[in-house]
Amino acid sequence: MQGLADKLEWIQLSIAYAWPEIWLCISVVLLLFASLIQSNQNKWIDALALMAFLISLLLSALQFAESNTSMALFNGMLRLSDFSIYIKVLIDLAAVLTVFMSYAQQEKKGEYYALIATATLGAHLLCMSNHFVMAFIALELISLPSYALAAFGFQKKSMEAALKYFLFGSVASAIMLYGMSLLYGITLTLDFTSATFQQAVLYNQSYFLIISVCMVLIGFLFKLSSAPAHPWAPDVYEAAPTPLVAFFSVVPKLAGLSILLRFMQVLSLNGAASIRWYIIIGLVAMLTLTVGNFAALLQKNPKRMMAYSSIAQTGFLLIGVITLSEQGLHFMLFYATVFLVGNYLVFWYISFFEDRSISAIEQYAGTGKNYPFASIMLLIGLISLTGLPPTAGFMGKLFIFSSLWSSYESSEGMMYLLVFIVGLLNTVVSLFFYLKIPYQAFLKSESQVLIIKKSPLINLLGFILVMVLLGLFFMPSGLMGWLNRITFAL
Amino acid sequence: MHAYLLSLLLLIPLVGALLMLATPNVHRSLFRWIALGVSALQLIALVLILSHYNTSQAGLQLSELRPWITLDMGIWGILQSNYFLAVDGLSLPLVALSVIIITIAIISSWKIEKSPKGYFTLLLILNAAVIGTFCAQDFLLFYLFFEFMLLPMFFLIGIWGGARREYASIKFFLYTLLGSIFILIVMIALYLSTQSTGDAELVIHSFSFIDMQQSSHIISNAVLDPQNNVTILGISARVWAFMLLFIGFGIKLPMVPLHTWLPDAHVEAPTPISVLLAALLLKIGGYGLLRIAYPIFPDIALQLSWLVALFGVIAIIYGALAAMASKDLKRLIAYSSVSHMGFVLLGLASVTPEGVAGAAYQMISHGFISAMLFLLVGVLYDRTHDRMIQNYSGLSSKMPVYFSFTLLAFFASLGLPGLSGFMAELMVFLGAFKSGSTNYLLHESFAIIATLGLVLGAAYYLWTLQRMFFGQYHVKINLDNQLTDVDFREKLMLFPLAIFIIVLGIFPQLLLDYLNPFADAFTNTVIEGGKTIKVLLQK
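Attention in this report is confined to the structure presented alongside it. (Residues numbered from 1 in each chain as written. Chains lettered and ligands numbered in written order. Predicted model: local features only at pLDDT ≥ 70, side-chain atom pairs only at ≥ 80, totals over all residues. Heavy atoms only, no water.)

All right, on to the overall build of chain B then. Across its full length, chain B carries 21 helices and seven strands. For chain B, whose C-alpha radius of gyration is 23 Å, the value lies close to the compact-globule estimate of 24 Å for 539 residues. Seen through its C-alpha atoms, chain B measures out along the principal axes to roughly 75 × 60 × 45 Å. Burial analysis of chain B (539 residues in total) assigns 66% to the buried set. Considering only residue pairs separated by 6 or more positions, chain B has 78% of its internal contacts joining residues 24 or more positions apart. Accessible area for chain B stands at about 18,200 Å²; split by element, carbon and sulfur atoms hold 66% of it. In chain B, 27 positive and 27 negative side-chain charges are present, and the distance between their average locations comes to 11 Å. (Helix = DSSP H or I, 4+ residues; strand = E, 2+ residues; numbered from the N terminus. Rg over C-alpha atoms; globule rule 2.2 N^0.38 Å. Buried < 20%, exposed > 50% of the residue type's maximum accessible area, 1.4 Å probe, protein only. Contact = heavy atoms within 4.5 Å. Areas by Shrake-Rupley, 256 points an atom, 1.4 Å probe, with all protein chains shown as cover. Lys, Arg positive; Asp, Glu negative; His and termini not counted. Charge placed at Lys NZ, Arg CZ, Asp CG, Glu CD.)

Attention shifts here to the pattern of salt bridges. Opposite charge on two side chains lets them pair, provided their charged atoms get close. Residue and element names in this part refer to chain B. All told, the structure shown has 20 salt bridges over all chains when counted by the stated rule. The closest approach of N and O atoms between Arg 331 and Asp 264, which form a salt bridge, is 3.5 Å. With a gap of 67 residues between them, Arg 331 in helix α14 (residues 329-350) and Asp 264 in helix α10 (residues 261-268) connect regions that are remote in the sequence. Look at Arg 331 and you get partly exposed, because its relative accessible area is 25%. (Salt bridge = Lys/Arg side-chain N within 4 Å of Asp/Glu carboxyl O.)

Looking now at the sheet that holds strand β1 (residues 61-72) of chain B. Two strands in a sheet stick together by hydrogen bonds in their backbones, pointing the same way (parallel) or opposite ways (antiparallel). All names here are of chain B. Ordered in space as β1-β2-β3, the three strands form an open sheet in which the pairing is mixed. The sheet terminates laterally at β1 and β3 (204-206), the two strands that pair on one side only. Across this sheet, the average inter-strand angle for adjacent strands is 25 degrees, counted without regard to direction. On top of the sheet, helix α1 (residues 5-22) reaches β1 and β2 (78-87); it is set at about 90 degrees to β2, its chief contact. (Pairing = 2+ DSSP bridges. Axes fitted to C-alpha atoms, helices over the stretch in contact; angles between N-to-C directions.)

What follows deals with the environment of A:Leu90. Residue and element names in this part refer to chain A. Checked against the element boundaries, Leu 90 lands in helix α4 (residues 82-101). Distance in space between the C-alpha atoms of Leu 90 and Val 251 is 8.2 Å, their sequence separation being 161 residues. Leu 90 has contacts with Leu 254, Ala 336, Thr 337 and Leu 340, leaving out every residue within four places of it along the chain.

Glancing now at the side chain of A:Lys397. Along the chain, A:Lys397 turns up in helix α17 (residues 392-411). Here A:Lys397 sits buried without a salt bridge, and the closest side chain of opposite charge, B:Glu147, lies 9.8 Å off (N-O distance).

Moving on: the interface of chain B and chain A. Across the contact, 43 residues belong to chain B and 42 residues belong to chain A. Both faces considered, chain B and chain A share a buried interface measuring about 3,700 Å² in area, 81% of it formed by carbon and sulfur atoms. The tally of links between chain B and chain A comes to one salt bridge. As a salt-bridge pair, B:Glu166 and A:Lys444 come within 3.4 Å of each other at their nearest N and O atoms. Every element with two or more residues in the side of chain B that touches chain A is listed here: β1, α5 (139-148), α6 (150-160) and α7 (165-191) of chain B. Per element, the largest residue contribution to the side of chain B that touches chain A is 16 residues, and it comes from α7(B). For the side of chain B that touches chain A, the residue count by class is 33 nonpolar, six polar and four charged. (Buried area = accessible area lost by both parts, 1.4 Å probe. Nonpolar A, V, L, I, M, F, W, Y, C, P; charged D, E, K, R; others polar.)

Shown next as structure tokens:
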């Protein structure tokens, strides 16, 4: 048993490694203060928010540049590893891009950014969590601001969506909490990376364990918006402001993915587990892919379609959790990066067109002629999400499917092959709906008069994102070189 | 200098496309001139390439190898993909065909009214992609170009096509993407089963076709290692891989049960795009089988030759019957393409030098003939906006020049001696018959049944000639009665094609100088490769 002094010293030492999180806490407070003195049309709040997230991005990036070990912080509540730092960098990047997108947000800017910062902080903590209680708190720290943000459209529809989100979220949290308590009953510890936990799991390879783990998974899968915990996503995506949709479709997903990966890694006990967890995740992944892609086919609203698309993309991300190997992890992170960029690019232009009162897929008719540049950029984003060359989306798919094949090769588990085939065939289905917008944009002629508004700044950022997508296709080695540093150790 | 020629051929259209994007949309006629200029430069590059190519030597020439992606994959070794361009006796004629056909397609697009900027840009991107596909000797690079063709084609059919263009373009895209996903599955399995050097310590996973073709470069205990004999649902993994490639390229070829996208795409596509589709894009299916499926899986290819030949014969007969039943002239020609591509499968399946050279000859010859046929349909369609055979009769008296071009194209397509189609089909038959007595891959009955296709071909072409060109001059009432004969621009497109068809019919050696070394080497590789693997398995 450690003494209090030791614990305090540990906390004191940990602070040096928690600067991004501390800075986010400060930002929340700053932004809340800003909201007190704001009036409408305050551009300085945008600037403040942008600076806040840029600094936290910088702090995370610095951490990634220097650290190469994995260490426990705050009495083993958090664990800082290259993996979690990289996820943090991605999360901060997403937050920065969200601020860029939010230029059109008019009301209650201070609160808006403060809530985003809180959710970002929650995501930071979740991807470092090492402990069930910490994971729960971090999860709720993402969820509660998200419920409020979902209602930021201030319309009946967004209230309904927020309520739905809240109800789903609380039920998922409750189930997860119950699962955690069962696991505590089995293992007598809440620190799920500890040796005690692993030992107990090893001796209790039973149906009871499977049931408790599945309950915990519900909570994680809810954050991933993965089937069967996905039905909240389309409604929320449709009703929430577009920048937030982009935020929801990336940040909680990445945080949930990293905790899920860590959790599965523990449960697999380096291959010593007799329960084949990858079969459960494989089933979830296939279900997610199929539900997401097929439901997306029917959608008429671009944001709703993208909601299902992001559900389907979760299925691809889960492949990294199925393979559970170091290389699979690197490839999953590559895919996650590409997904982030492609997804933001698409939402960027969806919001661009929304600004020109184009909000249904049918209304995109003729945009290819009137906004050739924007439409081509949007097309490239969608192509990348489909996974066609010459975009990074293709490389991402190639890599994760390669890792899946390697797993199949070394173990000959039919599940790997099944996911491999279902995943690739789903690409064909996904093309069908990803092409819906370009189809309207380029193949149909306009039925209504389009408002022409030039905005070179938006197009510049879109262009940068496109260049990243093309660059990562032709030169994936640069990013992969960085990712290869990340170790798979707990 | 000559080391960069193939890259040059690829770069010219890409630079042209960029130039076009940068050109302001003021002078609409400027774009077609840029496109034509690009084609002219490409023709010059092609002449240089032909002059540097040594026909007496088999194997890859004018190689250009540059590292592209080298990726450390930890315990799995290193992923290595190269920018590897080269041509051999099969690629070079196809590259030459592409450059010539694209030039003609650009001339044929001269009167495009609807946003010429987008049209010619897409055409140039397609141009680079097609040539790249024929030159790439690295699977990843090949796949990049292969997929890169889809989007420009989708938009070219979907924006500039006919009434049902949207349906046709989506159908084209989905079919082809499904095929390319099958190819992607095999590509992933293949590169993870292939190493570039025999070094046991560090595995370098290679995408190079050359490495993939050598059984000594297969990583032992990989899924595609023949000695490992992995079975999936009771069927060997290598058989699965071959079948996936066969289906993937079969969709592109197109092979009969998978051909239904072709008539729709052809009927809806504008004339120049039909020309490109028939003359070039279909060839990629045959090229893929010759370059990838057969040499990499020789054991399975020899084992399943009867199946390939069976699908070939089915395509020959079914395509001809469907052509006979078509009321739309363009649909008729599309189905005749299906029928003619069946010969490629038959010749390939025989794995004899004659048959393989015949298959390749058929690809080139069909490239010229189908281009001419579609241009001729386009000539008529431009004037009347109607392609129904029943609406015309006695055209020979009104359009004599048009008639003579059509006569030549029809006869070439039905295989009249002295024209290119005859040489190709003759060699395919020689190969298919010979196979029954030399390498015992195909029973003679395949060739015998396939000859029926020739009879049917003659039947539908002659019947069409009779219906459309002979008898009293008459066109359907509400169509334009003032049909004019082919003008100068149209002659400019048709004349070179006619020359190529005749020259390749009379002097087959011109093309066979390229094809024969390839066919010999190919046959050897496949037969020897099959034997090597058999020996390995017996050990």
